[in-house]
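Commentary on secondary and tertiary structure
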Amino acid sequence: MRGISPVSDPAEAELIVVNTCAFVGDAVAESVDVIGELSEYKQNGRCNTLAVCGCLPARFRTAGRAGTGGVDLWLRPAPAKKVVERILGAASSSRNRAGRAAGAPPARANSLSAGAAYLKVADGCSRRCSFCLIPRLRGPLRSRAIGELVREAEQLAAMGVKEIVLVAQDLASWGQDIPGRPGLWRLLDGLAGVDGVRWIRMMYLFPRRPPLRLLGLFERHENILPYFDVPLQHADARVLRRMRRGGGPAAHEKFIRAIRERVPGAVIRTTFMVGFPGEDERAFGTLMKFVERVRFERMGAFVFSPEEGTDAAGLSGGIDLALARERLGMLMELQAGIALEYHRSLVGGVIDVLVESAGRGRSTGRAWNQAPEVDGETVIEGRAEAGEIVKARVTGCGPYHLEVVPVESTGRGRRRRAPEGR
Ligand code: SF4
């Protein structure tokens, strides 16, 4: 960003920008805590300006209403250019106050670990799930153009990024709001041609009318990971209707079958919500049986939170929180066994691993089948270089981690090839 250079220690920062999430109560609490912690640097560090953007300002008109203090800029969601201008204005007055100029900036900062970066391809959502505040907080879907995204991917590759993680609130709908309504596969076709990008990972594929044309991409491009993050939320037809998710359990299962048939070795991740109003014993039993039958390699789950301003907050048939938490425990226990069984099937084989943090005799990273921040980690015995992709033999595992020993580094070349370990 013009006139700004990032620092890794907030005590060194003159301007601190907090990009917040606020779509459920836990996220609000976490955002407020982080702002509170960072505001201390105005007293104990070099910080002159603390800016907050993202969903928290969208949900609460003022910092005071959100329960945060010490904030100088409270930025409601707006086109990125406008937000950047306001931040640059704040940065410039921050520099003036400090009486010195910031150094030359990099073109694009990276908030993920070595070798990987998120690429935000769209913002907002035009769906209307009854439990979700995001359409109200972020507005309707706004996709970024292919050319702009390909240029950003090229920039990231030039910085040494090997894995690009595509994110949006509703990735499957990318392109539906721009002329010609290009499908997501068009964007993937463009990004797959960027030299140096070894892994492209898709996050948040909404399951209603799933883009089946995506399944043909894996034959054409070896650097698109056969990793499908499909948040299903539930498996009971009545609960799904009340959630306004569309589709239904039969359609969901059909999509999963199509992935498994057409993309051998695919890894499927999903997310479920328990304790939604109307989730009686029978509905919860349906969910448990579905999980047992489908056997997702990866799964996350959380308890329904009635957020003010959502339709779901006013629904009848609320579930006691203690019961919802008990159900969450049962579901996660079932999944832990399934995840362990999957990991055990990999032991003895070779898998591609991105090294995220290198240590003397032990490093950590992620295998291609582990998405950042949600799928656990891979422990690498022996020397490895952060930011490189290595081939490694799987020697052990738990439900949420793999243990590997490198057999060969594959990260220096810029060639693309299918990930090992499918
Ligand atoms: S698709 Fe996702 S972001 Fe959009 S309304 Fe539903 S849960 Fe919210």
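Residues numbered from 1 in each chain as written. Predicted model: local features only at pLDDT ≥ 70, side-chain atom pairs only at ≥ 80, totals over all residues. Heavy atoms only, no water.

With respect to a negative patch on the surface
A cluster of acidic residues, D26, E30, D33, E37 and E40, forms a negative patch at the surface. Secondary-structure assignment places D33 in helix α1 (residues 25-39). (Patch = residues over 30% accessible without salt bridge, like charges linked within 9 Å, V, L, I, M, F, W, Y side chains within 5 Å. Areas by Shrake-Rupley, 256 points an atom, 1.4 Å probe, with all protein chains shown as cover. Salt bridge = Lys/Arg side-chain N within 4 Å of Asp/Glu carboxyl O. Lys, Arg positive; Asp, Glu negative; His and termini not counted. Charge placed at Lys NZ, Arg CZ, Asp CG, Glu CD. Helix = DSSP H or I, 4+ residues; strand = E, 2+ residues; numbered from the N terminus.)

Digging into the environment of A339
In this structure, A339 sits in helix α13 (residues 321-344). Measuring from C-alpha to C-alpha, the distance between A339 and E297 comes to 5.6 Å, with 42 residues separating the pair along the chain. With residues up to four places along the chain from it excluded, the contact list for A339 reads E297, P399 and Y400. (Contact = heavy atoms within 4.5 Å.)

Structural notes on the sheet that holds strand β7 (residues 163-167)
Sheet architecture is open: six strands sit in the order β4-β7-β8-β9-β10-β11, paired in parallel fashion. Strand pairing shows two members of the sheet lacking a second neighbour, β4 (116-120) and β11 (298-303), which therefore form its edges. On average, adjacent strands in this sheet sit at an angle of 20 degrees to one another, irrespective of strand direction. As judged from the six bridges shared by strand β10 (residues 267-274) and β11, these two strands associate in the parallel manner. Of the residues in β11, the one forming a bridge with T271 is G300. (Pairing = 2+ DSSP bridges. Axes fitted to C-alpha atoms, helices over the stretch in contact; angles between N-to-C directions.)

Re the side chain of Q233
Within the element layout of this structure, Q233 appears in the loop between β9 (224-229) and α10 (237-243). Those residues in contact with Q233 that sit more than four places away from it in its chain are F131, M243, R245, T271, F272, M273 and F302.

Some words on the packing of helix α12 (residues 281-294) against α13
Between α12 and α13, whose axes approach to 10 Å, the crossing angle comes to 15 degrees. By the angle between their axes, α12 is roughly parallel relative to α13. The hand of the α12/α13 crossing is right-handed. Of the residues in α13, those in contact with E281, F284, L287, M288, V291 and E292 of α12 are L323, R327, M330, L331, L334, Q335 and I338. Taken together, the residues of the contact of α12 with α13 sort by class into nine nonpolar, one polar and three charged. (Parallel < 35°, antiparallel > 145°, perpendicular 65-115°, else oblique. Left-handed = near helix turned anticlockwise from the far one by under 90°. Nonpolar A, V, L, I, M, F, W, Y, C, P; charged D, E, K, R; others polar.)

Points about the pattern of salt bridges
Any two side chains of opposite charge can pair, on the condition that their charged atoms come close. Following the criterion strictly, the structure yields 26 salt bridges and no others. Across the pair R269 and D229 runs a salt bridge whose closest N-O atoms are separated by 4.0 Å. Here R269 is found in strand β10, whereas its partner D229 is found in strand β9, with 40 residues between them in sequence. One network of salt bridges, in which partners are shared, links K120, D123, R138 and R142.

Focus: α1
Because an α-helix completes one turn every 3.6 residues, residues spaced three or four positions apart along the sequence face the same direction. Between its terminal C-alpha atoms α1 stretches 21 Å, which fits the 21 Å expected from 15 residues at 1.5 Å a residue. Every buried residue of α1 is accounted for by A27, V28, S31, V32, I35, L38 and S39. Projection of α1 onto a plane perpendicular to its axis shows the buried side chains occupying an angular sector of 135 degrees, all on one side. Away from its buried face by more than 90 degrees, α1 exposes D26, E30 and E37. Where the residues of α1 are buried, they touch β1 (15-20), α2 (41-44), β2 (49-54), α3 (55-59) and α4 (63-66). (Expected span 1.5 Å × (residues − 1). Buried < 20%, exposed > 50% of the residue type's maximum accessible area, 1.4 Å probe, protein only. Arc of directions from axis to C-beta.)

Observations concerning unusual backbone geometry
For R181, which is not glycine, the phi dihedral falls at a positive 40 degrees. Mapped onto the elements of the fold, R181 is located in the loop between β7 and α8 (184-192). At R295, a residue that is not glycine, the phi angle is positive and equals roughly 55 degrees. If you trace the backbone, R295 turns up in the loop between α12 and β11.

A closer look at the domain arrangement of the protein chain
The domain boundaries assigned to the protein chain delineate domain 1 (10-98), domain 2 (116-344) and domain 3 (350-409). A straight line from the C-alpha centre of domain 1 to that of domain 2 covers 29 Å. Carbon and sulfur atoms supply 65% of the area buried between domain 1 and domain 2, which totals about 760 Å² over both sides. Broken down residue by residue, the surface that domain 1 buries against domain 2 is led by F23, C55 and R59, which jointly contribute 62%. (Domains from an automatic or database assignment. Buried area = accessible area lost by both parts, 1.4 Å probe.)

Considering the site of the ligand
Close contacts around the ligand come from C125, R127, C129, F131, C132, I134, P135, Q169, F206 and R245, and that covers them all. Its residues assigned to classes, the shell around the ligand comprises seven nonpolar, one polar and two charged. (Near = heavy atom within 4 Å.)

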